[in-house]
Amino acid sequence: DSGVTQTPKHLITATGQRVTLRCSPRSGDLSVYWYQQSLDQGLQFLIQYYNGEERAKGNILERFSAQQFPDLHSELNLSSLELGDSALYFCASSVAGSWGLGELFFGEGSRLTVL
Amino acid sequence: GQQLNQSPQSMFIQEGEDVSMNCTSSSIFNTWLWYKQDPGEGPVLLIALYKAGELTSNGRLTAQFGITRKDSFLNISASIPSDVGIYFCAGHSGNTGKLIFGQGTTLQVKP
């Protein structure tokens, strides 16, 4: 158990819909990262928040947005869903603001299926 | 953008055999990391490397940070069935502040 909690574990929805994925980082961790994992793309970095503020951005679509709340939990919002958005979405956390120390703790992921 | 080329894509070996996989990059990284992902789980950090030339072991696992800072390898000695999973390399560049993952090596071990 990494200490990172993600909900829901599984989600099935239709194209055009909007979903919210939730992440609670490890106790004491200030940084939250979101990654997308699809079969043919590996782990793609989406976005990082540190202590409530956006720190780094990856290949995140404009239809996706995220935020980190004062209690440090984070939400990833996916809207106008398309079939290609079906993937595993991972949240990870770390103490530091940068990855310099390298150790990210990953949650078990939220599997999104768009029909 | 930055890309990591990880090879091989998959391996099917006999229990007891040694395994080697590697990652190369077109750009320099400050940190190289190796993660393992079991089915239905998130990736778990195995080894982190912070200096060029560094060689680090974690039990039967050994990893090295290449001198050029553009590559890294992971060796697993005397494989066992629980080594099955997907192994990812990851590189961190201080310039971009992002952790980039390789495509993964799927390892299967035959008892």
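Up top is the structure.
Throughout what follows, the structure given in this document is the object of discussion. (Residues numbered from 1 in each chain as written. Chains lettered and ligands numbered in written order. Predicted model: local features only at pLDDT ≥ 70, side-chain atom pairs only at ≥ 80, totals over all residues. Heavy atoms only, no water.)

Looking at the overall build of chain A
No. 1: When its secondary structure is counted, chain A shows zero helices and 11 strands.
No. 2: Traced from its N-terminal end to its C-terminal end, chain A shows the element sequence β-β-β-β-β-β-β-β-β-β-β.
No. 3: Its C-alpha radius of gyration of 13 Å places chain A within 12% of the 13 Å reference for a compact globule of 115 residues.
No. 4: Counting only residues that meet the buried cut, chain A has 48% of its 115 residues in that class.
No. 5: For chain A, the accessible area works out to roughly 5500 Å², and carbon and sulfur atoms hold 48% of it.
No. 6: Within chain A, one finds 8 positive and 12 negative side-chain charges whose respective centroids are separated by 2 Å. (Helix = DSSP H or I, 4+ residues; strand = E, 2+ residues; numbered from the N terminus. Rg over C-alpha atoms; globule rule 2.2 N^0.38 Å. Buried < 20%, exposed > 50% of the residue type's maximum accessible area, 1.4 Å probe, protein only. Areas by Shrake-Rupley, 256 points an atom, 1.4 Å probe, with all protein chains shown as cover. Lys, Arg positive; Asp, Glu negative; His and termini not counted. Charge placed at Lys NZ, Arg CZ, Asp CG, Glu CD.)

Details of the overall build of chain B
No. 1: In terms of regular secondary structure, chain B is built from zero helices and 11 strands.
No. 2: Counting helices and strands in the order they occur from the N terminus, chain B gives β-β-β-β-β-β-β-β-β-β-β.
No. 3: The globule rule puts the C-alpha radius of gyration for 111 residues at 13 Å, and the 13 Å found for chain B is close to it.
No. 4: A principal-axis box enclosing the C-alpha atoms of chain B has dimensions of 45 × 25 × 20 Å.
No. 5: Relative to its full complement of 111 residues, chain B shows a buried share of 44%.
No. 6: Contacts in chain B between residues at least 24 apart in sequence constitute 53% of all its contacts with a sequence separation of at least 6.
No. 7: Total accessible area on chain B stands at roughly 5200 Å², and carbon and sulfur atoms take up 50% of it.
No. 8: A distance of 11 Å separates the average location of the 7 positive side-chain charges in chain B from that of its 8 negative side-chain charges. (Contact = heavy atoms within 4.5 Å.)

A look at the interface of chain A and chain B
No. 1: Listed as interface residues are 20 residues of chain A and, on the opposing side, 17 residues of chain B.
No. 2: For the chain A and chain B pair, buried surface summed over both sides reaches about 1500 Å², with 57% attributable to carbon and sulfur atoms.
No. 3: The interface formed by chain A and chain B holds zero salt bridges in total.
No. 4: One can count three residue pairs in polar contact (both at pLDDT 80 or more) joining chain A with chain B.
No. 5: Elements with a contribution of two residues or more to the side of chain A that touches chain B: β4 (31-38), β5 (42-50) and β6 (53-57) of chain A.
No. 6: No other element matches the three residues that β5(A) contributes to the side of chain A that touches chain B.
No. 7: A class-by-class count of the residues in the side of chain A that touches chain B yields nine nonpolar, seven polar and four charged. (Buried area = accessible area lost by both parts, 1.4 Å probe. Salt bridge = Lys/Arg side-chain N within 4 Å of Asp/Glu carboxyl O. Polar contact = N/O pair within 3.5 Å; in protein donor to acceptor, adjacent residues only side chain to side chain. Nonpolar A, V, L, I, M, F, W, Y, C, P; charged D, E, K, R; others polar.)

Considerations on the environment of A:Arg18
No. 1: With respect to the secondary-structure elements, A:Arg18 resides in the loop between β2 (10-13) and β3 (19-24).
No. 2: Separated by 54 residues in sequence, A:Arg18 and A:Leu72 place their C-alpha atoms 23 Å apart.

Observations concerning the state of the cysteines
By definition, a disulfide links the sulfur atoms of two cysteine residues through a covalent bond.
Residues and elements named next belong to chain B.
No. 1: Tallied over the entire structure, the rule returns two disulfides over all chains.
No. 2: Note that Cys23 is cross-linked by a disulfide to Cys89, the S-S spacing being 1.6 Å. Taken together, the positions of Cys23 in strand β3 (residues 19-25) and Cys89 in strand β9 (residues 85-93) put the pair 66 residues apart, joining distant regions of the chain. Like Cys23, the residue Cys89 is buried in the burial classification. (Disulfide = S-S within 2.5 Å.)

Nothing here speaks to function; it is geometry throughout.
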